[in-house]
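# Inside the fold
Letter by letter, the chains look like this.
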Amino acid sequence: MHKKIFIFGIILLFNGCSSNSNQNVLPSGLEYPDQESWGVTIILTDSSLERARIKSGHLEKYNKRQYILLDEMVEVDFYDKNEEHVAVLNSLKAEVKQNSNNMKAIGNVVAISDSGITLYTDTLLWDAKREKMTTLDPVMITTEDSDTLYGIGFESDSDFKNWKILNPSGVTNRVNK
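Below is a summary of the structure that appears in this document. (Residues numbered from 1 in each chain as written. Predicted model: local features only at pLDDT ≥ 70, side-chain atom pairs only at ≥ 80, totals over all residues. Heavy atoms only, no water.)

Turning next to the nonpolar core. Ranked by internal contacts, the top residues of the largest apolar core, which has 31 residues, are Ile54, Leu70 and Phe78. If one sorts the elements of this core by residue count, strand E7 (residues 103-113) sits on top with 4 residues. Once residues lying within four places of it in the same chain are set aside, the contact partners of Ile54 are Val40, Thr41, Ile42, Leu44, Leu70, Val74, Glu75, Val76, Val96 and Met103. (Core = buried A, V, L, I, M, F, W, Y, C linked by side-chain atoms within 4.5 Å. Buried < 20%, exposed > 50% of the residue type's maximum accessible area, 1.4 Å probe, protein only. Helix = DSSP H or I, 4+ residues; strand = E, 2+ residues; numbered from the N terminus. Contact = heavy atoms within 4.5 Å.)

If you want it as structure tokens, here you go:
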């Protein structure tokens, strides 16, 4: 009788240990960040010159994919080759590829140039090497002359000096003279 109780106790002990250890194992198939930070600032450079400064409330870094996800109050300041401020961008999220510094802004994207041009769209890609911004999404642009332009697709340099809407439509407040 004592032998049966002892064996039953050992079985319970092993079952209890094995079920507890499974509770501490992370589910397979999910990817977890290698690093996480809050209240961050990232500086993207080219030849040691600051080209963009990204601030976010939360960052997740994935080493294997060389990828950074910023997902809280993203604000990006862009700088020209003389490190002079040229534009600011705000979005809900942003993704940065570490091997190229290319960035994708996602969700309620608003980019404002220092010259007064404002772009509204859902996503905006920034090619760090070419210093070009592009999207294939619908866009709305207000110019320094209070014109409002709409379209599908957009291309520009980082300072919005040379930009174009791919499929434009719009309204102007200019008076014909």
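The next thing to look at is the pattern of salt bridges. Enumeration according to the criterion identifies 6 salt bridges in this entry. Among the ionic pairs, Arg65 bridges to Glu31, the shortest N-O distance being 3.6 Å. With Arg65 in the loop between strand E2 (49-62) and strand E3 (67-70) and Glu31 in the loop between helix H1 (2-23) and strand E1 (35-46), this residue pair connects regions lying 34 residues apart in the sequence. A residue is classified by how much of its surface remains accessible, and Arg65, at 47% relative accessible area, is partly exposed. By relative accessible area, which is 43% here, Glu31 ends up partly exposed. One salt-bridge network, in which partners are shared between bridges, spans Arg51, Lys81 and Glu131. (Salt bridge = Lys/Arg side-chain N within 4 Å of Asp/Glu carboxyl O.)

The subject of this paragraph is the environment of Ile117. Its place among the elements puts Ile117 in the loop between E7 and strand E8 (118-127). Ile117 sits in the buried class, given a relative accessible area of 5%. Sequence separation of Ile117 and Asp145 is 28 residues, and the distance between their C-alpha atoms is 8.9 Å. In this structure, Ile117 is in contact with Ala111, Ile112, Ile141, Thr142, Thr143, Glu144, Phe160 and Trp163, ignoring residues within four places of it in sequence.

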